[in-house]
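Here's the letter readout for the chains.
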Protein chains: 2
Amino acid sequence: MYKIGIYGLGLIGGSIALALKKSLGSRIYGLDKFHQKEALELGLMDSVIEEKNLSEMDVIILATPVDSIPKVALQVLDACKQDALVFDVGSTKSKIAKAIKNHPKRGNYLLAHPIAGTEYSGPQAAFSTLFEGKINIICDVHETDESLLKRAKNIFNKLKMKTIEMNSTAHDKHIAYVSHLSHISSFMLGKTVLDLEENEKNIFQMAGSGFASTVRLAKSSPQTWTPIFVENKQNILIALEEYIDNLNDFKTILYRENKQKLKNILQKTNHIGLIIDKIEAQNG
Amino acid sequence: MYKIGIYGLGLIGGSIALALKKSLGSRIYGLDKFHQKEALELGLMDSVIEEKNLSEMDVIILATPVDSIPKVALQVLDACKQDALVFDVGSTKSKIAKAIKNHPKRGNYLLAHPIAGTEYSGPQAAFSTLFEGKINIICDVHETDESLLKRAKNIFNKLKMKTIEMNSTAHDKHIAYVSHLSHISSFMLGKTVLDLEENEKNIFQMAGSGFASTVRLAKSSPQTWTPIFVENKQNILIALEEYIDNLNDFKTILYRENKQKLKNILQKTNHIGLIIDKIEAQNG
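Keep in mind that what you see is a predicted model, and the values were worked out from it rather than measured.

Visitor: Honestly, the sheet that holds strand β1 (residues 3–7) of chain B in this entry has me stumped. Any pointers?
Guide: Strand pairs in the sheet, formed through backbone hydrogen bonds, run parallel or antiparallel to each other. All names here are of chain B. One open sheet holds the eight strands; their spatial order is β3-β2-β1-β4-β5-β6-β7-β8, and the pairing between them is mixed. Of all strands in the sheet, those bounded by a partner on one side alone are β3 (47–48) and β8 (162–166). Sheet analysis places strand β6 (residues 109–114) next to strand β7 (residues 135–139), joined by four bridges and oriented antiparallel. Its bridge partner lying in β7, Leu111 is registered against Cys139. Along the sheet, helix α4 (residues 69–79) makes contact with β1, β4 (59–62), β5 (85–88) and β6, crossing β4 at roughly 165 degrees. Its contacts with the sheet place helix α6 (residues 146–158) against β4, β5, β6, β7 and β8, and it is angled at close to 55 degrees to β5.

In structure tokens:
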């Protein structure tokens, strides 16, 4: 049985801990700068990772905020045993890839990104079935030792994820569109309406389920998302620019009351419905 | 028992028909330019409204696309009997209010907007419980005859809605923020990602449930929404401008990597969570 260490026992790290305790019966060693006590009390971890036991771990999982991962990754690679598997579950991959590129134990490391989460965060938000049926993206797999890659895939199977491969540059570009941009659009929609609410009370009684759905991601944790946005800044700025361009085009077409053009755009965009149905089927 | 006529038997009109047939046992007379046959087959209406029976209706409900309502409203007011109640369920109110302002039967008319819907449309999308627990906004109620207002409220009670009052100008301004803007943000997010998908296949396997939720409204009907956007153009342009300003501010803050400011904005916007919870509780 693997000895498993997890850095960061929030929604993601905590859910991995619960799932692996359940499926592998593993003892979880954990370390959490912010919620150590809570994670212990909730049973997300059994013991604390200490300098003296770090070298005993077979698998070390990094689930801390994404901007802290490069530093932790290097420290863990320095200290882990020769055949330990180290992987992170951060939402951006290129900067981590770059940080560990020349480490002598680069082969011990795997870049992973499980596409799973909720708008809640912290140890209390963790639950063991979070990953079931979800997509997991692993990047630059040729850089990871074959036997350790196999070990990682075994763990992802235990989490019941569907694993796909991609290079880290493509990952960061695409995830900017299908995840980071939707968080920003949601946050800024929430902000725009809250700004108005300051002067006009009770407009929210007018809001329906459509508004709630569109703005749901604005509940997401600032502690998690500020670093993600900054780490993937270059790709997000491009995606955001395109989104703003589309909104400005829409504004112009509406201003001119060009109904046919407006209808054509909405009609073409309706195609997203098929994609949503697929995503929802994929997420059970 | 009321004789009820409904113009437009799509999602909204059709659902009203089903709900009133169930709760009042009413015979529904209907007229639908686009889906007459389907509405008859699905049992949303029992007979067709004809010139000779229009004057027999006690209640006439207008649920056609919002840009057609002013014209239909005037025709129906001209033809209805002296004590008929006429109300519409369109998503914008000011232009309709203006169109009927000087009609001798203005007192027969009520401006209503049930905040209910799904991303689906047409007669097949209709279901009898659509309105249960939902908010219904009625506007400029002092312009409607007291006894007919009472009749309308009785009908809204049968639909199990919570009715609130507002003037039509305030309605159109606020609904631009809490409904129309979220539809546009969703449509343009869908468009931005679809544009990218044209060149980069299969990015959607990377999308999770958060993306699906944010982009869900982009499934909405172009036939319904093009006229809504155009009818409420003035308010939407202002709301859209503020949204784009917020996105541009976000872009600048991200470009400068001002993490503290970014975190503050996200934190402040998290407050929307409480509001979403209320909306979701309100919508059962």
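On we go.
Visitor: How should I be thinking about the interface of chain B and chain A in this particular structure?
Guide: Often, the extent of an interface is quoted as the loss of accessible area on bringing the components together. Taken together, the contact pairs 89 residues of chain B with 89 residues of chain A. Between the two partners, chain B and chain A, sit eight salt bridges. In this structure, the salt-bridge partner of Lys233 of chain B is Glu257 of chain A, at a minimum N-O distance of 3.2 Å. Counting across the interface, chain B meets chain A through 24 residue pairs in polar contact (both at pLDDT 80 or more). Listed by contribution, the elements that provide at least two residues to the side of chain B that touches chain A are β7, β8, α7 (168–199), α8 (209–215), α9 (222–231), α10 (233–255), α11 (259–269) and α12 (272–282) of chain B. For the side of chain B that touches chain A, the element with the most residues is α7 of chain B, which contributes 22 residues. Grouping the amino acids of the side of chain B that touches chain A by side-chain chemistry returns 46 nonpolar, 25 polar and 18 charged.

Visitor: Explanation requested: the packing of α10 of chain B against α11 of chain B in the structure shown.
Guide: A packed helix pair is summarised by two numbers, namely the angle formed by the two axes and the spacing between the axes. All names here are of chain B. At a minimum axis separation of 9 Å, α10 and α11 run at an interaxial angle of 145 degrees. Between α10 and α11, the residues in contact are Phe250, Ile253 and Leu254 and Lys261, Leu262, Ile265 and Leu266, respectively. When the residues that make up the contact of α10 with α11 are grouped by side-chain class, the tally is six nonpolar, no polar and one charged.

Visitor: Explain unusual backbone geometry to me, please; I cannot follow it from the model alone.
Guide: Leaving glycine aside, a negative phi is the common case for residues, and trans is the common case for peptide bonds. All names here are of chain A. Backbone geometry places Asp140, a non-glycine residue, at a positive phi of 50 degrees. Within the secondary structure layout, Asp140 lies in the loop between β7 (135–139) and α6 (146–158). A positive phi angle is found at Glu257, which is not glycine, with a value near 55 degrees. Mapping Glu257 onto the fold places it in the loop between α10 (233–255) and α11 (259–269). Residue class for Glu257 comes out partly exposed when judged on its relative accessible area of 37%.

Visitor: What is the right way to read the packing of aromatic side chains from this model?
Guide: Between two aromatic rings, the relevant description is the distance of the centres plus the angle of the planes. A complete count under the given rule lists nine aromatic pairs over all chains for this structure. Considering the side-chain rings of Phe250 of chain A and Phe229 of chain B, the 5.4 Å spacing of their centres and the 85 degrees angle between planes classify their relative orientation as edge-to-face. Of this pair, Phe250 of chain A sits in helix α10 while Phe229 of chain B sits in helix α9, on two different chains. The exposure classification of Phe250 of chain A matches that of Phe229 of chain B, with both residues buried. One residue, Lys233 of chain A, lies across the ring of Tyr255 of chain B, its end atom 5.1 Å from the ring centre. When the ring centre of Tyr29 of chain B is taken as origin, the NZ or CZ atom of Arg27 of chain B, which lies over that ring, is 5.8 Å away.

Visitor: What am I meant to see in the sheet that holds strand β8 (residues 162–166) of chain A here?
Guide: All names here are of chain A. Strand order in this open sheet of eight strands is β3-β2-β1-β4-β5-β6-β7-β8, and the pairing throughout is mixed. Two strands close off the open sheet at either side, each with one partner strand: β3 (47–48) and β8. Looking at chain direction, strand β5 (residues 85–88) and strand β6 (residues 109–114) are connected through three bridges and run parallel. The partner of Phe87 across the bridge, within β6, is Leu110. Lying over the sheet, helix α1 (residues 11–24) contacts β1 (4–7), β2 (28–31) and β4 (59–62), oriented at roughly 165 degrees with respect to β1. Lying on the sheet, helix α4 (residues 69–79) is in contact with β1, β4, β5 and β6; it crosses β4 at an angle near 165 degrees.

Visitor: Before we go on, may I ask you to explain the relation of the copies chain B and chain A in this structure?
Guide: Two copies of the chain are present, and they differ by a rotation about an axis and a shift along that axis. Mapping chain B onto chain A calls for a screw motion: a turn of 180 degrees about the axis and a shift of 0.0 Å along it, with 0.0 Å RMSD after fitting. Considering both components of the superposition, the chain copies are consistent with a two-fold axis. Every residue of chain B has its C-alpha some distance from the rotation axis, and the shortest such distance is that of Thr214 of chain B, at 2.1 Å. Here 100% of the contact residues of chain B are again contact residues in chain A; the copies associate through an equivalent surface.

Visitor: Help me out: how do you make sense of the pattern of salt bridges in this one?
Guide: Side chains carrying opposite charge are able to pair once their charged atoms draw close together. Considering all chains together, one arrives at 30 salt bridges over all chains under this definition. With its nearest N and O atoms 2.5 Å apart, the salt bridge here joins Glu50 of chain A to Lys52 of chain A. The partner of Glu165 of chain A in a salt bridge is Lys153 of chain A, and the shortest N-O contact between them spans 3.2 Å. Here Glu165 of chain A, found in strand β8, pairs with Lys153 of chain A, found in helix α6; they are 12 residues apart in sequence, far enough to count as distant. By relative accessible area, Lys153 of chain A is classed as partly exposed at 33%. Each of Glu119, Arg216 and Lys219 of chain A together with Asp277 of chain B takes part in a single network of salt bridges with overlapping partners.

Visitor: What am I meant to see in the environment of Gly43 of chain A here?
Guide: Residue and element names in this part refer to chain A. Following the sequence through the fold, Gly43 ends up in the loop between α2 (36–41) and β3. In this structure Gly43 comes out as partly exposed when scored by relative accessible area, which is 24%. With 23 residues separating them in the primary sequence, Gly43 and Leu20 have C-alpha atoms 12 Å apart. Excluding residues within four positions of it along the chain, Gly43 makes contact with Leu18 and Lys21.

Calculation rules
Residues numbered from 1 in each chain as written. Chains lettered and ligands numbered in written order. Predicted model: local features only at pLDDT ≥ 70, side-chain atom pairs only at ≥ 80, totals over all residues. Heavy atoms only, no water. Pairing = 2+ DSSP bridges. Helix = DSSP H or I, 4+ residues; strand = E, 2+ residues; numbered from the N terminus. Contact = heavy atoms within 4.5 Å. Axes fitted to C-alpha atoms, helices over the stretch in contact; angles between N-to-C directions. Salt bridge = Lys/Arg side-chain N within 4 Å of Asp/Glu carboxyl O. Polar contact = N/O pair within 3.5 Å; in protein donor to acceptor, adjacent residues only side chain to side chain. Nonpolar A, V, L, I, M, F, W, Y, C, P; charged D, E, K, R; others polar. Buried < 20%, exposed > 50% of the residue type's maximum accessible area, 1.4 Å probe, protein only. Phe/Tyr/Trp six-rings, centres within 6.5 Å; stacked < 30°, edge-to-face > 60°. Lys NZ or Arg CZ within 6 Å of the ring centre and 35° of its normal. Least-squares fit on C-alpha atoms with pLDDT ≥ 70 in both.

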